[in-house]
Amino acid sequence: MQFLMRKAEYRMSGYYYYVPGSPINGFGVAKVLDSGHPNFSAGDLVWGTTGWEEYSLIQNPEKLFKIHHTDVPLSYYTGILGMPGITAYAGIFEVESLKKGECVFISAASGAVGQLAGQYAKLLGCYVVGSAGSQEKVDLLKNKLGFDNAFNYKEEPDLDEALKRYFPEGIDFYLEQVGGKMFDAVLLNMKVHGRIAICGMISQYNLDQPETLKNLMHIAFKRLSIKGFTHRDHHHLYPKMLETVLPYITRKESCVC
């Protein structure tokens, strides 16, 4: 949401940029009080982009999704059953389908998307390592979320060496959410024909000038596949995601943080 607060020279379509004096908008859960749209009726529960205020007039209800499963906490629709869930599900199951036994690295792994992506990758039988910015987050990844290993990037003087320690044979799949020095180090450690899915680069959002990458030639040397994506192109997967995820939630086999 940070870049929605700044003046943007080139505004991207589909985003609601913040206007001073107006309510902030973002993902939320709401109850329909009245509707002139055929897909929604008074009393429906929905999730999607709303104003963060007590009452909102939604002029684009096509961007809202009706909640049919109310036997789970409604807060889950801002996480595992909402935008972060779709992003993580698409990245693991659709954008670059993973295979059992593959080596997976996830940066920003304790965040809303990363922690879910890691659990999905473990369900597929992958070896999963995540990076995070504190020992508390590393412990969360290893002891609660089921990652095979994790490290605090702030305590690693050489990210290349750190990745070689956890991936001595290289990385098959990288879920990129950080950018900068981490992305540069990952390029050195990808396997030939490795795959990278990019859904964010949080280290670059507040920089006046993005960091320069030095190892881009490894994309060609290793014949890497790199694809950018967001949840916006993958809402058609939502019914399939619910079918996959809801049983784990009801059996309390998936951790929701």
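One structure accompanies this document, and this report is about it. (Residues numbered from 1 in each chain as written. Predicted model: local features only at pLDDT ≥ 70, side-chain atom pairs only at ≥ 80, totals over all residues. Heavy atoms only, no water.)

## Describing the pairing of strand S6 (residues 149–152)
As defined by bridge partners, strand S5 (residues 127–132) adjoins S6 across 4 bridges and the pair is classed as parallel. Bridge pairing links Gly130 to Ala150 in S6. As for the winding sense of the linkage, the β-α-β connection from S5 through helix H3 (residues 135–143) to S6 is right-handed. (Pairing = 2+ DSSP bridges. Helix = DSSP H or I, 4+ residues; strand = E, 2+ residues; numbered from the N terminus. Right-handed = clockwise from strand over helix to strand, strands pointing away.)

## Topic: unusual backbone geometry
Despite not being glycine, Ala108 has its phi angle at roughly 50°, a positive value. Structurally, the position occupied by Ala108 is in the loop between strand S4 (103–106) and helix H2 (112–123). Judged by relative accessible area, which is 27%, Ala108 ranks as partly exposed. With a phi close to 50°, Arg223 is a non-glycine residue in the positive phi region. (Buried < 20%, exposed > 50% of the residue type's maximum accessible area, 1.4 Å probe, protein only.)

## Some details on the environment of Ser56
Examined against the element boundaries, Ser56 turns out to sit in the loop between strand S2 (45–51) and strand S3 (64–66). Residue classification places Ser56 among the partly exposed positions, given a relative accessible area of 33%. Spatially, the C-alpha atoms of Ser56 and Ala30 are 9.1 Å apart, while their sequence positions differ by 26 residues. A polar side-chain atom of Ser56 sits 3.5 Å from the main-chain amide nitrogen of Gly51. Within the structure, the side chain of Ser56 is placed 2.7 Å from the side chain of Glu53, a separation counted as a polar contact. (Polar contact = N/O pair within 3.5 Å; in protein donor to acceptor, adjacent residues only side chain to side chain.)

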